[in-house]
Every structure is written in structure tokens, then in C-alpha cells.
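# Coordinate inspection notes
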Amino acid sequence: MPQPSTPFGEELRKRRLEAGLSLTDLSGLVHYSKAQLSKVERGIKAPSRDLVRLCDAALGTDGTLIALSTPAAVDSPAVSAPGRVEEENWMMQLSPDGPSSVLERPPGIGVLRRHLRLHGVPPEEYLRSDGTVTGFLTANRPMREIAEFADLVRRAREAGRPGDGFGQWCEAAGRARNDGRREAAALVTKLGKAPQRALLIAVSMLHGAHADVVHRAAEQLLSTLGPPSEDDSPLQHRDLAERLLEISATAAPNGQVRFEKLDFDSAVRAHFWDHMPDLRPHLGTWAVSVVELNDPHVVPVVRDGLVERVAGEYLRTGRTDGLGALVEPWSTGASSRPRLEAAVHALTHGLADPVHARHFREQIYQWCAKRHLKGELAQVLVRVCADVLATSHPDQALVRLYHLARRERGTTRARQALCDLTARSRRLHRVLLDRLARSDFSPAHLGIFLQASDPEPLTLRPGTSHALIDEQNAQRSLTTCWHAVLTELPPPQWQAEARRWLHWAAAGTGPHGGLLLDLLVSAAQRCTEKRGKVFALLYACARDAERTGPGDAARAAETTGLLLHKINAAQGIAPATPPTTLPRGTRP
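To start, this report covers the structure provided alongside it. (Residues numbered from 1 in each chain as written. Predicted model: local features only at pLDDT ≥ 70, side-chain atom pairs only at ≥ 80, totals over all residues. Heavy atoms only, no water.)

Once that is clear, we can look at the packing of aromatic side chains. Applying the stated criterion across every chain yields a total of five aromatic pairs. Plain terms: the ring middles of Trp482 and Trp501 are 5.5 Å apart, the flat faces sit at 80 degrees to each other, and that makes the pair edge-to-face. Here the residue Trp482 occupies a position in helix α26 (residues 472-488), and Trp501 occupies one in helix α27 (residues 491-506), the gap between them amounting to 19 residues. With a relative accessible area of 0%, Trp482 lands in the buried category. Three or more aromatic residues joined by ring pairs make a cluster, and in this case those are Phe449, Trp482 and Trp501. Between the NZ or CZ atom of Arg435 and the centre of the ring of Tyr402, over which it lies, the distance is 4.8 Å. (Phe/Tyr/Trp six-rings, centres within 6.5 Å; stacked < 30°, edge-to-face > 60°. Helix = DSSP H or I, 4+ residues; strand = E, 2+ residues; numbered from the N terminus. Buried < 20%, exposed > 50% of the residue type's maximum accessible area, 1.4 Å probe, protein only. Lys NZ or Arg CZ within 6 Å of the ring centre and 35° of its normal.)

Written as C-alpha cells, this is what we have:
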């Protein structure tokens with residue numbers, strides 16, 4: 001048996017055996033795979049700092065293992081790179097009946113401990129047994145509930161007293177989870193006046209915001225629900241501190257308002273949402289009025305938090321259509337920047353929801369492809385598709401931006417976002433060209449093509465053996481679209497792009513310079529009824545490109561001569577192989 005080759009690995013194996021633990025046993029305690037632990041013991045792989053601390057706590061070595069860890073120990077990533085399965089993060093079991101593998105649901109305690117570790121809770125705390133945790137995990141909890149409970153423990157730790165430990169944090173989290181709704185219902189019953197309940201809602205929706213914002217938001221909510229009384233003087237109002245105390249909330253010295261009880265804000269939101277359904281339509285109107293408040297304390301984190309909480313109630317109760325319906329009025333009418341940001345953030349929140357994300361992707365498709373878009377809704381959709389959807393579902397983002405681009409009028413935001421997306425991905429660029437080649441060649445489609453046909457990304461070879469323009473399917477798509485452009489659009493609309501191709505051909509792009517010219521000539525040759533006129537226009541573009549090109553004038557002249565030869569060859573009046581010295585002055 002190979003001997004451990006590092007002091008840490010040797011000591012880890014010694015302590016593990018002294019504790020009577022197998023690698024499988026230790027794996028269950030620290031939630032790193034058996035294979036990973038074996039490699040660390042044998043010195044094949046350096047342990048992460050995270051693993052060192054976990055092993056030290058699990059084996060009770062009082063810092064001995066930590067002292068033996070080398071500087072090579074590195075922090076393990078909180079999130080694995082996309083497409084990568086970390087050995088430390090997952091446990092894969094092979095089926096005894098064949099080579100297939102089964103990814104099993106990890107134990108709930110392991111999931112909870114991992115979340116706690118990512119929240120910065122020390123392993124010497126969360127590795128302790130706790131009755132609240134045991135009771136919580138007795139039921140087969142969904143992963144989302146476990147993550148939420150871990151976050152409650154984090155918040156309890158942050159709000160706890162200096163002497164509190166893991167047991168007290170878990171107990172506080174358990175109380176917040178189990179008793180919050182009941183206590184919120186009792187408080188709402190006790191506070192029956194509209195100003196009291198308006199303040200309660202404002203604090204729950206703007207938890208942690210400045211007192212000035214909370215006060216104005218409560219007044220805004222009362223105004224949204226009905227006109228204020230004319231004889232109600234501000235001098236008759238009770239001060240905010242007294243009113244906050246009445247709803248079990250306080251304002252910190254920095255002005256931030258919070259409930260005294262952990263997670264009480266979510267309990268209050270849920271109670272009003274679930275038990276006062278007539279209030280729901282007004283909350284959207286109120287929320288957007290709050291994000292537009294001209295107050296220095298209404299900072300982006302406050303606006304985003306309010307939108308997330310309103311959206312969260314729609315998602316929690318499965319009312320996805322309601323959230324979608326809220327986005328439209330936020331994006332139309334007198335749309336200010338805060339309103340549009342709120343609409344973007346609401347859709348972002350919906351797309352991030354694991355249960356309802358598919359619904360919002362479909363909703364966005366319906367808007368982009370079929371619905372008449374009012375106000376600035378199209379701008380909101382462009383941002384959501386380009387900045388949010390493209391990161392997780394790039395193909396779907398392409399389709400939606402494509403529909404927005406072909407339908408937009410008076411702006412090219414969607415077209416630019418679409419071209420930016422495809423410029424980063426050869427595969428998406430190929431998909432777009434193919435879609436355009438199969439379109440109806442309307443002016444909108446041809447406008448998209450002219451912007452998407454930038455010769456630079458077509459001829460680059462980013463880490464591959466060939467460029468996109470080398471592919472036969474791409475060549476067919478480019479030729480088909482250029483033919484439609486030359487046939488359907490007036491010359492002023494396509495000559496600038498033709499000159500760009502000619503400039504790039506003259507810039508010394510190797511064999512691609514000649515290929516760019518071949519595609520242009522091939523497209524022009526298909527214009528049977530006005531072939532001669534199109535050839536003449538292309539040649540005129542080339543002569544103009546000589547004067548406007550950024551490169552060497554002699555090289556530009558050679559490109560013009562090569563284009564002329566290809567035009568003549570296409571008409572059967574010159575050989576296919578160009579001569580060594582190319583002509584310049586004869587028009588086709």
C-alpha cells in the first residue's frame with residue numbers, strides 16, 4: 001500500500017484510523033468524496049483550507065491538522081465553473097449492473113452544512129448535533145427549504161448576542177420559521193387601523209431601508225388605497241418612533257428600520273398577501289411609486305429589494321401571470337428610468353425562479369414575437385434577453401432578440417443586442433445566418449443581415465482550425481442573403497456594407513479576401529434581370545473603397561482589379577484564374 005507522502009496526509013490518516021473511521025465514514029462527516037479524501041491522504045492532491053478545517057473539527061484534533069496544512073492549500077470555490085462537476089461537491093455512485101451512473105439526492109444534513117459553510121459559519125459550530133436541525137430534517141425537505149433555513153441560521157448568527165452559539169442560532173431560525181406566520185396574523189388582528197397596517201406593510205416590503213423611505217412609502221400606500229382626509233393635520237400624527245414600536249419594529253442609529261424578530265418581515269408579507277387578496281393589485285402600483293421617490297435614501301439596493309419582495313409573493317403563490325401583467329404598466333406610459341429598472345428586475349427575478357422560469361421564458365417569447373409592445377416594454381425585453389437570458393439560454397435569447405429586431409421601428413437596440421450576442425459565438429452566428437437565409441427577406445430581415453454580416457467575425461479563427469466563412473452552409477446563407485439585399489434594397493442601403501467587405505478583403509485576410517469577393521459576385525450573378533447593373537454598382541463600390549479604405553492604397557487597387565476579374569469571369573469574358581497583373585480601369 002502506498003505510504004502518505006505529506007505530513008498532513010499522514011496525520012489525517014493516523015487520526016482517522018484512531019477514531020475508528022473509514023474513508024466512507026469521514027466522507028459522510030465532512031461531505032467531501034471518498035476519492036478526494038484518499039488523494040489527500042496519499043499526498044496526490046493538496047487539501048483546500050475548507051477541507052483542512054472540516055477534518056480538524058470532525059476528528060477533534062484541536063488545530064493539529066490546521067498547523068500541518070501547507071501553503072498549497074487553497075480555498076475551494078463556492079460555485080463550480082459552468083459545465084464542471086467538482087469532485088468535492090457531488091457523490092456519484094456506479095450501478096453494480098452496468099457502467100451507467102446515478103446521481104443521488106445528497107443527504108439533507110450535508111446540503112445544510114454546505115450552505116452554512118458558504119455562509120461563513122465555522123465547521124466547529126455546524127458539525128455539532130442540534131435538536132432543531134434534526135427535527136427540521138426529519139421530513140424530506142426540498143433543497144430550496146434547506147437553503148432558506150440555512151439563510152435563517154446565518155441571519156440569526158448575525159443578529160445574535162456575542163455569547164450565542166450554533167444551538168441558539170438554530171433555535172431562533174426554527175422559531176422564525178414555525179411561529180412567524182401565527183405572530184404576524186395576531187399582530188395584524190390587533191392593529192386594525194389603516195395607517196398602522198400601511199406602516200406594517202411598508203416595513204415588511206422595505207425591510208432595512210431608511211426610516212424616511214419607510215415613512216414616505218407608508219403614506220404613498222395610504223394615498224394609493226384612497227384619498228387622505230382633508231382635515232387630517234400632520235400635527236395630529238403620532239411620531240414615527242411610537243408607531244414603529246407599536247408594530248414591533250425599531251429604527252437603528254443609522255436610520256434603518258427592521259422588525260425586532262428574525263424573518264418577521266416575510267411573515268407579515270405572506271399574511272397580507274394570503275389573507276387580503278383585494279390588496280394585491282394595489283401593491284404593484286404602490287411599489288413602482290416608491291421606486292420613483294426622489295429621496296437620497298432610495299438607493300438601488302432598496303429599489304431592487306422592494307421589487308424582489310413584491311415579485312417573491314407572486315412567485316410564492318404561483319401567480320406568474322400577475323407578475324407578468326405588472327411588468328407591462330411599469331414599462332409603459334411616462335416610464336422613468338427607475339420604473340424600467342424595476343420592470344427589468346421583476347423579470348430577472350422570475351427567470352431566476354427554479355419553478356416558474358420556464359413560464360417567464362415563454363411569456364417573454366410571446367411578447368417578443370407576437371404582442372404589440374407599448375411604451376418602453378421592448379427596451380425592457382432587449383435588456384432582459386441580452387443581459388439575463390443569454391447567460392443561461394443563449395439560443396432562446398437569440399430567437400427573442402431576432403423577433404424584437406425584425407419588429408422594432410425607430411430604433412436599432414434589439415438589432416445591436418442580437419449582433420453583439422452572435423459576435424461572441426460562432427454557433428449562434430451560424431444559426432442567425434441560417435434563419436435569415438430562410439426568412440421572407442423583408443427590409444427588416446435584410447437590415448439585420450447587413451449588420452450581422454460584419455466580415456471580421458466571419459473570417460476570424462478563435463481557437464479553431466477554420467473560420468465561419470469557410471463553412472459551406474455559411475457561404476450558402478451569405479450568398480442567399482446578399483442576393484436578396486442586391487435585389488430588394490436600394491443601393492444606398494447596402495453600399496456601405498459592401499464597402500466594408502471590400503475594405504476587409506483589402507486588409508490582407510489571406511484566402512478570405514478572395515472568398516469575400518467570390519460571395520459578392522456569386523450573389524450578384526443571381527440577379528438575372530439586372531445583373532449588369534448590380535455588377536457595375538459593385539465595381540463602383542470597389543473604386544470608392546479605394547479612396548475611403550483605411551489600409552494601403554496599392555492593396556486596395558489590387559482588390560478592385562481582382563473584383564473586376566471575378567465579375568468578368570462570371571460573365572464568361574475572362575478566364576477563371578486571375579492573371580498575375582490585375583486590370584483596374586475597364587468597367588464591367
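The discussion continues.
Quick look at helix α14 (residues 264-275) now. Under the 1.5 Å per step criterion, the end-to-end length of α14 is 16 Å for 12 residues, consistent within 8% with the ideal 16 Å. α14 sits mainly inside the fold: nine of its 12 residues count as buried. Those residues of α14 not exposed but buried are Phe264, Asp265, Ala267, Val268, Arg269, Ala270, His271, Phe272 and Trp273. (Expected span 1.5 Å × (residues − 1).)

Here Ser439 lies in the loop between α23 (426-437) and α24 (443-452). It is 9.3 Å that separates the C-alpha atoms of Ser439 and Cys481, two residues lying 42 residues apart in sequence. Excluding its chain neighbours within four sequence positions, the residues that come into contact with Ser439 are Tyr402 and His445. For Ser439, the side chain forms a polar contact with the main-chain oxygen of Leu436, separated by 2.7 Å. (Contact = heavy atoms within 4.5 Å. Polar contact = N/O pair within 3.5 Å; in protein donor to acceptor, adjacent residues only side chain to side chain.)

Nothing here speaks to function; it is geometry throughout.
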